[in-house]
Amino acid sequence: MVRVYNSLTKQMEEFKPLREKEVSMYVCGPTVYDRMHIGNSRPVVFFDTVARFFNYLGYEVTYVSNFTDIDDKIIARAREMGLSESAVSERYIKEIIETYRKLNCLPHAHNPRVTESIPEIIAFIALLEEKGCAYVSEGDVYFNVARCRDYGILSSQSLENLISGARVEESEKKRHSADFALWKKTEEGLNWDSPWGRGRPGWHTECVVMVDSFFKGKIDIHGGGTDLKFPHHDNEIAQALCAYDHTIANYWLHNGRIDLSGEKMSKSLGNVIWVDELLSETSHQAYRLLLLNVPYRQPLSYKDELLRQAENDYEKIKRAYNGLYRKLEEAGDGPSESDPEAEKIKAEFTAAMADDFNTANAITAIFKAVKLANRYVREKNPPLGRMRNLLEIFGGFLWVLGIETGVQPLTDEEKELIARYRAARREKNYELSDVLREEILARGLEL
Ligand SMILES: [Zn+2]
């Protein structure tokens, strides 16, 4: 049984999928006007791990994440770069997909783009208008929050609080200050014809439409960063309640933010860390370990020491897993035998992940597998059957967290090289064994 913390109901709940052994999941993707910084990478890695875990449990996962390719920020960036908006978004979509790959994320089922969803968005706004939840004001179309039951249920804010807290944008054109634009009248930047004149859609409408276009109805999980709860996700829910009488997803999951040693990360402060730059200096495995070492709902304070620690952790995991792999490779094929110790660790790993995806405790279980693997490899008469069982279980853990070690069967040439190294050592020809050792290590093989 998987239990998840549902931000919508503010409690831990048993995960019950809409369709047996299937998971439908949508996570708000980036606005494509720049590269990915580490703050944006947390939901990317976390929800990839969620998808992997459900996969591991035998669920068929359909994971969709969009690209917002219409936005004021894209228009501004296009001007700055002297390019068209579509050239800017194309460029960053390409770079972001490449970063997803570098982070070892499983490919998404679909990455819808707003510019490819305009007819559906217009039809949806017309539906809201028909239902009496939208009104036209000077060519813009607004959502009428007063017509929505339960407005603000996700962030638990009453309309009065929103106004007094000034968390909403005031405008003469709006009936209520919490009303938000569904369609913005504009001829600047990319714009389209609509029943309300030329313009473009509002951000909060895009996701509701893209979820429904792909999944045709309610889904299991809607995710994103905690900063999206209000207004974005509350506004998504408000529209879906009016249009479809449901809350889009049964479970809403939100990851905590990332700051830099306690300081907010922002371009204006000049302290942004870009993922592609970080990954040119460290491995995706170490970086994923760093992110997953903190339970996803907690804020994460990035420090270089944490990355060094994660690199050390990854080396230990890799050495233990690959050592076990090589030992079994040397021993040749044979039967697997259930290992009670490995099974116990597997139960701990699964229980941690099933407890609202507690990846920090799952990593603790991985280190128990590291210890057991190292112990077996050092034994004089290693229990090969149990070791085969452990290797399979250990490999499963690493797959779920997306931190595979990349170990491959040795080629004949590599086997010969290692045999020559061992022979040189036996003959105490240390000059030769040192040379061979260097060559082996240079090929990325361990001894
Ligand atoms: Zn969204």
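Residues numbered from 1 in each chain as written. Predicted model: local features only at pLDDT ≥ 70, side-chain atom pairs only at ≥ 80, totals over all residues. Heavy atoms only, no water.

Peer 1: So what about the domain arrangement of the chain? Which residues, and what values?
Peer 2: Structurally, the chain comprises domain 1 (19–281), domain 2 (303–393) and domain 3 (412–442). When each unit is reduced to the centre of its C-alpha atoms, the spacing between domain 1 and domain 2 is 39 Å. Of the residues lining the interface, 11 residues belong to domain 1; the matching set on domain 2 comes to 10 residues. Note on domain 1 versus domain 2: buried area summed over both sides is about 800 Å², and carbon and sulfur give 81% of it. When the area that domain 1 buries against domain 2 is broken down by residue, the three leading residues are Phe53, Tyr56 and Ser261, summing to 52%. (Domains from an automatic or database assignment. Contact = heavy atoms within 4.5 Å. Buried area = accessible area lost by both parts, 1.4 Å probe.)

Peer 1: An account of the pairing of strand β1 (residues 3–6) is needed here, citing residue identities and associated values.
Peer 2: Side chains Val4 and Asn6 of β1 all project onto a buried face; the interleaved residues Arg3 and Tyr5 project onto a face where none is buried. Examined bridge by bridge, β1 and strand β2 (residues 11–14) share 4 bridges and lie antiparallel to one another. From the neighbouring strand, Asn6 faces β2, where its bridge partner is Gln11. Here β1 hands over to β2 after 4 residues, with Lys10 in that stretch at a positive phi of 55°. (Buried < 20%, exposed > 50% of the residue type's maximum accessible area, 1.4 Å probe, protein only. Helix = DSSP H or I, 4+ residues; strand = E, 2+ residues; numbered from the N terminus. Pairing = 2+ DSSP bridges.)

Peer 1: Please set out the environment of Trp203 residue by residue, giving values where relevant.
Peer 2: Along the chain, Trp203 turns up in helix α6 (residues 203–215). In this structure, the C-alpha to C-alpha distance between Trp203 and Asp71, residues 132 residues apart in sequence, is 7.9 Å. With sequence-adjacent residues up to four places away left out, Trp203 is seen in contact with Thr68, Leu228 and His232.

Peer 1: Tell me about the nonpolar core, residues and numbers included.
Peer 2: Ranked by size, the top nonpolar core spans 88 residues in total, and within it Ile38, Phe54, Phe357 and Phe394 carry the most contacts. Of the domains in this structure, domain 1 (19–281) and domain 2 (303–393) are the two that each give at least three residues to this core. With near-sequence residues (within four places) excluded, Ile38 lies in contact with Ile258, Leu260, Met265, Ile273, Val275, Leu278, Tyr287 and Tyr302. One finds Val64, Tyr151, Val208 and Leu228 within the second-largest nonpolar core, a separate group that totals 44 residues. (Core = buried A, V, L, I, M, F, W, Y, C linked by side-chain atoms within 4.5 Å.)

Peer 1: So what's going on with the pairing of strand β10 (residues 249–255)? Residues and values would help.
Peer 2: Here β10 lies mainly inside the structure; 6 of its 7 residues are buried. Here 6 bridges tie strand β9 (residues 219–225) to β10, and the two strands are oriented parallel to one another. Bridge assignment links Gly224 to a residue of β10, and that residue is His254. Taken together, β9, helix α7 (residues 229–244) and β10 constitute a β-α-β crossover, and its handedness is right-handed. (Right-handed = clockwise from strand over helix to strand, strands pointing away.)

Peer 1: Run through the packing of aromatic side chains, naming residues and quoting values.
Peer 2: This model, assessed by the stated rule, comprises 20 aromatic pairs. Relative to Phe357, the ring of Phe46 has its centre 6.0 Å away and its plane inclined at 80°; by these criteria the two rings are edge-to-face. Taken together, the residues span a long stretch of sequence, with Phe46 in helix α1 (residues 38–56) and Phe357 in the loop between α11 (340–354) and α12 (359–378) at a distance of 311 residues. Each member of the pair, Phe46 together with Phe357, is buried. With a centroid separation of 6.4 Å and 85° between ring planes, the pair formed by Phe53 and Phe357 is classed as edge-to-face. A residue pair is termed long-range when its members are at least 10 positions apart, and Phe53 in helix α1 and Phe357 in the loop between α11 and α12 qualify at 304 residues. For the pair shown, Phe53 and Phe357 are each scored as buried. An aromatic cluster of three or more residues is present, and its members are Phe15, Phe46, Phe47, Phe53, Phe54, Tyr56, Tyr59, Tyr251, Tyr296, Phe349, Phe357 and Phe397. Over the ring of Tyr59 we find Lys21, and its NZ or CZ is 4.3 Å from the ring centre. (Phe/Tyr/Trp six-rings, centres within 6.5 Å; stacked < 30°, edge-to-face > 60°. Lys NZ or Arg CZ within 6 Å of the ring centre and 35° of its normal.)

Peer 1: Explain the coordination of the zinc ion residue by residue, including any values.
Peer 2: Metal coordination angles have textbook ideals: 109.5 degrees for a tetrahedral set of four donors and 90 or 180 degrees for an octahedral set of six. For the zinc ion, every protein donor is listed as Cys28 (SG), Cys207 (SG), His232 (NE2) and Glu236 (OE), and the spread of their distances is 2.1 to 2.6 Å. Judged by relative accessible area, which is 1%, Cys207 ranks as buried. Judged by its relative accessible area of 0%, Glu236 is buried. (Donors = N, O, S within 2.8 Å, 3.2 Å for Na, K, Ca; no water.)

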